[in-house]
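An overview of the molecular structure
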Amino acid sequence: MATDTAVACQQGPCHTFHDRGRNAREASELRRIIQLMLLTLALVCLAPAAIGRLAESRQQFLVDSLAHSVAGADLITEQYETGWITSRSIHRLRLDDPAYINAARELTGIPNLDESPELVIRSRIAHGPWPLLQGRPGLARVHSEVTFVVGQDEISIPGVAITDIGLDGSGVTVFDSPGMETTVESGSAFIRWHATDLRISFDRQVRNLDSLGTIGELEFLGSHGEIRFGPIRVDGRSAYTTHGFWSGESRLNVARFSTTGIDGASFHEEGIELDLAVLPDGDLVTHRYEITLDPFASPRVDAGQLQLAGTIENLVAAALGRLLAERTGGRWSSDRQSWTGVFSAASRFHLREFLVEADGERARLEFECHLRDAIGAETDPGELLRALQGQGTILLSEGLLPMLIGNGNDPAAVESLLAIGYLRRVEGGLLAELRLGGGLLTINGLPIPLPMPAD
């Protein structure tokens, strides 16, 4: 009986019921496949454009950050053409700082040139389908080329900067240049720049940067003489603070620096080390610096070295950020309170070492200074100077002093300072003891009133 029922189901209504269920499941699966195909097609069609807009905002943020970090830089024009797979952009940075304008006058040979030089960044952005960045999917890859515009001349910087932006918005920029040789047509300047390889990594907010690489030697021959410096080895890590300035530590090694004037006078230095640190601590910030020049030669020194190390501690971070923002805008504040507001009651200045050696002669200076009294944001410069209290020593060999003050080897220069009392002979050379307090500086107990600024 059961067997007959099973056979009946296979041949009758039961068999029809199972067929309908299977057909419904197959139709449902087909609809899901079609929906998935439509979604995939939509992503393929629409995602590159959406990624392009994201890449545009990311690159704009990077260029804005560059403009903000370079003193006197102003982002004056920008152009962006969004495509489906690739886009193009042009950004123009005008450099209004007086140092850049003076360099432009030297390059062009036009002493009264008022036109600011510009950096023009032309970029091609690949953003869809998602480019492979170091073997994995990424948001975009940006190829950028840079041109330096000065007067009527355009100087193309050889090489390309490639920026890879990951899916999380972080990325890395690698600039690789084979170097260049060029003559500025409107002037008499010649530029030679050697190969450069620089890598900068950044997080998604572009608030943490790691820099590593080598900037090639630069040779510049102009109407006032010749300058050579580099190559420069760069190694640094920095973070942008909430107070509007960069903190962190960086090291620069400059292999060579030399200048030669049209009169033949020259300064030559082999090996410059700069160790710089900006260390925030809550509402305060400390600067640390160490600078070494070893060896150097000048018209009056055949072989010398210089070492400088010190700290500026416990500055008011917010006030310093406001002051630096004005400097980035191409100007320094004329408001004295903007300057005095940078110092807190805990501010301290410590020159740990200032050592100069020249042709076997040497001088060493150590000095420490702090604020004796608490000051506020309304403190005027005169009150700030009167609140400073410090002490230090200068110890130098007798042969160095005439070289420093420009009297050759005239011993009368030393004897006159000994007779007055500003120097006294001790074992090892000449000594001067410095004391600062109440707006008065003393050298070996002899007072030297400091000029007090007007309120």
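Residues numbered from 1 in each chain as written. Predicted model: local features only at pLDDT ≥ 70, side-chain atom pairs only at ≥ 80, totals over all residues. Heavy atoms only, no water.

**Remarks on the overall build of the protein chain**
Scanning the protein chain from terminus to terminus reveals eight helices and 26 strands. Within the span of the protein chain, comprising 455 residues, buried residues form 35% of the whole. Contacts in the protein chain between residues far apart in sequence, at least 24 positions, make up 53% of those at least 6 positions apart. Put simply, the protein chain shows about 25200 Å² of open surface, and 58% of that area lies on carbon and sulfur atoms. (Helix = DSSP H or I, 4+ residues; strand = E, 2+ residues; numbered from the N terminus. Buried < 20%, exposed > 50% of the residue type's maximum accessible area, 1.4 Å probe, protein only. Contact = heavy atoms within 4.5 Å. Areas by Shrake-Rupley, 256 points an atom, 1.4 Å probe, with all protein chains shown as cover.)

**Quick look at the pairing of strand β8 (residues 171-177)**
A regular strand places its side chains so that they alternate between the two faces of the sheet. A large share of β8 lies buried, amounting to five of its seven residues. As paired strands, strand β7 (residues 153-165) and β8 are joined by six bridges and run antiparallel to one another. Bridge pairing links isoleucine 162 to valine 174 in β8. Note that β8 and strand β11 (residues 196-202) share seven bridges and pair antiparallel. When the bridges of β11 are listed, threonine 173 appears paired with isoleucine 200. (Pairing = 2+ DSSP bridges.)

**A word on helix α8 (residues 412-420)**
What α8 keeps buried is the set Ala413, Val414 and Leu418. The buried residues of α8 occupy an angular sector of 130 degrees when projected down its axis, which confines them to one face. Across α8 from its buried face, at more than 90 degrees, point the exposed residues Ala419 and Ile420. Just beyond α8, the residue with positive phi is glycine 421, at close to 110 degrees. (Arc of directions from axis to C-beta.)

**Quick look at unusual backbone geometry**
Look at the link from glycine 230 to proline 231: it is a cis peptide, with omega at -5 degrees. Positionally, proline 231 belongs in the loop between β14 (225-229) and β15 (232-240). Between aspartate 294 and the following residue, proline 295, the backbone shows a cis peptide bond with an omega angle of -10 degrees. For aspartate 359, which is not glycine, the phi torsion reads 50 degrees and is therefore positive. Backbone geometry at asparagine 444 places phi at a positive 55 degrees, although glycine is not the residue there. Here asparagine 444 lies in the loop between β25 (440-443) and β26 (446-449). Taking relative accessible area as the criterion, asparagine 444 reaches 18% and is therefore assigned buried.

**Examining the confidence of the model for the protein chain**
Across the protein chain, the average pLDDT comes to 79, with 74% of residues at or above 70. Per-element confidence in the protein chain is highest for β15, whose mean pLDDT is 93, and lowest for helix α1 (residues 2-11), whose mean pLDDT is 48. The low-confidence segment residues 1-10, where pLDDT is below 50, has three contacts with residues more than four positions distant or belonging to other chains. Note on residues 40-46: pLDDT is under 50 here. Beyond four places in sequence and across chains, it has four contacts. (pLDDT = per-residue confidence, 0-100.)

**Re the environment of leucine 323**
Positionally, leucine 323 belongs in helix α4 (residues 317-328). Remark: the alpha-carbon pair of leucine 323 and glycine 341, spanning 18 residues in sequence, is separated by 9.5 Å.

**Here's the deal with the environment of arginine 233**
You can see arginine 233 is positioned in strand β15. For arginine 233, a relative accessible area of 42% corresponds to the partly exposed category. Taking the C-alpha atoms as reference, arginine 233 lies 4.6 Å from threonine 214; in sequence the two are 19 residues apart. Ignoring any residue separated from it by four or fewer positions in sequence, one finds arginine 233 in contact with Leu212, Gly213, Thr214, Arg251, Leu252 and Asn253. A distance of 3.1 Å separates the side chain of arginine 233 from the side chain of threonine 214, its partner in a polar contact. (Polar contact = N/O pair within 3.5 Å; in protein donor to acceptor, adjacent residues only side chain to side chain.)

**Examining the side chain of serine 397**
Mapping serine 397 onto the fold places it in the loop between β22 (388-396) and α7 (400-405). On the accessibility criterion, serine 397 (14% relative accessible area) is buried. Polar side-chain contacts of serine 397 include one of 2.6 Å to the side chain of glutamate 361. Ignoring any residue separated from it by four or fewer positions in sequence, one finds serine 397 in contact with Glu361 and Arg362.

**Examining the packing of aromatic side chains**
The full count for this structure, using the stated rule, is five aromatic pairs. Between tyrosine 240 and tryptophan 246 the ring centres are 5.0 Å apart and the planes differ by 65 degrees, which places this aromatic pair in the edge-to-face class. For the pair phenylalanine 267 and phenylalanine 296, a centre-to-centre distance of 5.8 Å together with 25 degrees between the ring planes defines the contact as stacked. Taken together, the residues phenylalanine 267 in strand β17 (residues 266-281) and phenylalanine 296 in strand β18 (residues 284-298) connect sequence positions 29 residues apart. Overall, the relative accessible area of 25% leaves phenylalanine 267 in the partly exposed class. Site record: aromatic cluster; members linked through ring pairs are Phe257, Phe267 and Phe296. (Phe/Tyr/Trp six-rings, centres within 6.5 Å; stacked < 30°, edge-to-face > 60°.)

**Brief notes about the nonpolar core**
Counting residues in hydrophobic clusters, the biggest one holds 31 residues, and the most contacted among them are Phe367, Leu388, Leu396, Leu423 and Leu430. Excluding anything up to four places from it in sequence, leucine 430 contacts Ile394, Leu395, Leu396, Glu398, Val414, Leu418, Leu423, Arg424 and Arg425. In terms of nonpolar packing, the next biggest core, distinct from the first, is built from 16 residues, Ala73, Leu95, Ala161 and Ala189 among them. (Core = buried A, V, L, I, M, F, W, Y, C linked by side-chain atoms within 4.5 Å.)

**Focus on the side chain of threonine 311**
Tracing the backbone through its elements, the reader meets threonine 311 in strand β19 (residues 301-316). Here the side chain of threonine 311 touches glutamate 313 through a polar contact of 3.1 Å, side chain to side chain. Among residues more than four places away in sequence, those in contact with threonine 311 are His287, Arg288, Tyr289, Arg348, Phe349, His350 and Arg352.

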